[in-house]
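# Working through the structure, step by step
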Protein chains: 2
Amino acid sequence: MNYKFITLVMILLTNTGISFAQSAVIEDFKPSSVNQPERQFPQVNSQGRVRASIAAPNANKVKLDIGGVKYDMVKNAAGVWTGESAPQDEGFHYYQLDIDGALVPDPGTLYFYGAGRLGSGIEIPASDKDFYAIKDVPHGLVSENIYFSKLTNAWRRCFVYTPAQYTADAKTRFPVLYLQHGSFEDETGWSSQGKANLILDNLIASKNALPMIVVMDNGYAYENQKSISGDKVVRPVSVFEEVMMTEIIPMIDAKFRTISDREHRAIAGLSMGANQTMRIAMNHLDKFAYYGGFSGTSNYPSSDEINPATFLDGKFNDGKAVNKQLKVLWLGLGTKEQNPFPDSVGAFKTMLDKQGIKYVFYESPGTAHEWLTWRRSLHQYASLLFK
Amino acid sequence: MNYKFITLVMILLTNTGISFAQSAVIEDFKPSSVNQPERQFPQVNSQGRVRASIAAPNANKVKLDIGGVKYDMVKNAAGVWTGESAPQDEGFHYYQLDIDGALVPDPGTLYFYGAGRLGSGIEIPASDKDFYAIKDVPHGLVSENIYFSKLTNAWRRCFVYTPAQYTADAKTRFPVLYLQHGSFEDETGWSSQGKANLILDNLIASKNALPMIVVMDNGYAYENQKSISGDKVVRPVSVFEEVMMTEIIPMIDAKFRTISDREHRAIAGLSMGANQTMRIAMNHLDKFAYYGGFSGTSNYPSSDEINPATFLDGKFNDGKAVNKQLKVLWLGLGTKEQNPFPDSVGAFKTMLDKQGIKYVFYESPGTAHEWLTWRRSLHQYASLLFK
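My aim in this report is to walk through the structure given alongside it, one point at a time. Since this is a predicted model, take the numbers as computed values, not measurements.

## Some details on the sheet that holds strand β3 (residues 50–55) of chain B
Residues and elements named next belong to chain B.
- What the 5 strands build is an open sheet, ordered β1-β2-β3-β7-β6; its pairing is antiparallel. Edge strands, defined here as strands with exactly one partner in the open sheet, are β1 (30–31) and β6 (74–75).
- Of the strand pairs in this sheet, strand β2 (residues 43–44) and β3 are connected by 2 bridges, and their pairing is antiparallel. Its bridge partner lying in β3, Gln43 is registered against Arg51.

## Comments concerning the interface of chain A and chain B
- Each partner contributes to the interface: chain A provides 45 residues, whereas chain B provides 45 residues.
- Here chain A packs against chain B, burying approximately 3900 Å² in sum over the two surfaces, 57% of which is carbon and sulfur.
- Counting the surface chain A buries against chain B, the share from its top three residues, Leu141(A), Ile146(A) and Trp155(A), is 14%.
- At the surface where chain A touches chain B, the tally comes to 0 salt bridges.
- At the junction of chain A with chain B, the criterion picks out 12 residue pairs in polar contact (both at pLDDT 80 or more).
- Contributing elements (two or more residues each) for the side of chain A that touches chain B: β3 (50–55), β9 (102–104), β10 (111–114), β11 (117–124), β12 (141–149) and α3 (196–205) of chain A.
- A total of 6 residues in the side of chain A that touches chain B trace back to one element, the largest contributor, which is β12(A).

## Looking at the pairing of strand β7 (residues 80–84) of chain B
Residues and elements named next belong to chain B.
- Taking every second residue as pointing to the same face, the buried face of β7 carries Trp81 and Gly83, while none of Val80, Thr82 and Glu84 on the other face is buried.
- The pairing of β3 with β7 spans 5 bridges and is classified as antiparallel. Bridging across to β7, Arg51 finds its partner in Glu84.
- Summarising the sheet, β6 and β7 pair through 2 bridges and their orientation is antiparallel. Bridge pairing in β7 places Lys75 opposite Trp81.
- A loop of 4 residues connects β6 with β7, the two strands running antiparallel in sequence, and Gly79 in this loop sits at a positive phi of about 85°.

About the thresholds
- Residues numbered from 1 in each chain as written.
- Chains lettered and ligands numbered in written order.
- Predicted model: local features only at pLDDT ≥ 70, side-chain atom pairs only at ≥ 80, totals over all residues.
- Heavy atoms only, no water.
- Pairing = 2+ DSSP bridges.
- Helix = DSSP H or I, 4+ residues; strand = E, 2+ residues; numbered from the N terminus.
- Contact = heavy atoms within 4.5 Å.
- Buried area = accessible area lost by both parts, 1.4 Å probe.
- Salt bridge = Lys/Arg side-chain N within 4 Å of Asp/Glu carboxyl O.
- Polar contact = N/O pair within 3.5 Å; in protein donor to acceptor, adjacent residues only side chain to side chain.
- Buried < 20%, exposed > 50% of the residue type's maximum accessible area, 1.4 Å probe, protein only.

See below:
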């Protein structure tokens, strides 16, 4: 071994590493757009780095925990810890702080339900953020609607977007999109970090989508849910499909001015929601004419070849019938999503191709299994509905 | 001195103290009703003690910070810190955790905007909690309504409660209550920790209040607010009154099926909101026939005798005219509120008495300057409106 050579290489690598790391942080940080009012931290720079800061004068170690990586923060003389992450993908990310082993929300941000908790979120400004920006256009309402569900023996809640046109007169009726969240998320996601209301406001104002109602409910539903507490009881089989068909849809049709035929009812979901809603749509093609699967399909998590004779009880077996009934079958995926998503959706597309079933496939550039993929998916999908 | 006697007394006191402290904590803790789904902590016992718990294996000191007092928590072998507060008043309280000097929300609870931040809340079950419980009655909607305000050059938001009757037909028009939050709170408070929607649902279902729309907006409004960032700019004079009269009310009357005369328009607020809305009501008696002041009046924080000839430009000077115009002048206060509130409201009542002005005065038993006082106040006040 030539130790001199190895030492030289190590010095070069180390120096390059250090100088790269130092020069890499561009000092153009600005407060995140989803901070609490007047909070200066967390901040984001043009590279997509997140800088967090918190006073913790007596702490031993504070870390910024984002994207599955923990970044050490450094304490100054005033007891304030500050630190930056590596560059993050554009769009919305959940994150938290680790203060001496306590995993807590950052007190600087608004809170979002995801990863099974209400926690901090950060927004890395996206190149195409204009489509979900708040603009001087007519804005619809997002209404919290609470109801008792007999199937689950529990109080449930959905958020209902009604377009600006809904309040313009008392007679016009509107088509409805049922839009579902992913696993460990809830009914708040789509109108909060999902920006569904702003996406629809902008699409409708620019005449790129027809005015529609959007219903965002909770995909977790179990029989006698009230008695289920934590991990003490094994969860029974989901009754979400029954809740959707026999409780949610009839309630919405009774409470809002909907057009209640299949041609004016669409369904879509992200991840777990894509899986659930595909099953619901295919089991009830007399009720839905549009399906959107954002980062998910019902064969998840398998990437095995799908047998259309048996998959979902053969619902895709007669390709011509599916083409006739589904006016839009829409699939979306981020280009940076990791398996099982690409392979699983890929296996589903292969099956569709074999069956001669028409579909739209959209790829969100540079995004992973995260909300920017789903904002873009909704933006694309909603523009095709009810036309 | 008889040292034996002193020693005996000290032993007795010490033993009594210890046994008192030990027996004082009753072990009937249950998870708080405003915890995140399936979270076991924080908990509350029958004495109103709050027990918090958080894993923080490497922390030096963790404290529960509630009601202006910090309570030490104790670490177990697994690195989980647990501790209890002294008994708290029944009702809703904001609180936080102190982890080695970092003041953070408890990851177990839902979050509420108050004290100028989104933070943890705890619910000590109230003896009269039934009036704001969720029940099997028709439920109204709470709608998020975003709008651009020219006066402030900023996007603003209000939440609008529409009663169940609002969606029953497309023709009926309803009276409106404008309901404001307190200082360091925002437009989310009344329909979240305030339970305004459930209070109205229950009152209306039991025929103790007439169906009405309730508008909850943000009481902070400044000219060119967009350009105000943090504490860098001295805040100009509030333009909330102008925003209410020329932006909010016309928007609500245009967007919702209101009855837009003064006899069908009420206003109320808590603390800062009581102060603001009294000024607005008295400056616009052609627009409002009902006023409610919950824990506040416009002479706040003074307890000096009020001169009706000059107070609010003499708006209370003609007692007979006020009696004729204000169908209900309503004041509420918690019996445990501290000054300046009781003395300030007291000075206002003294002035009303001198002027021969009729009013309702309600005292919330055993509550301080907190949300149970205001829930009860709304419950009382709303039952008197539009009758």
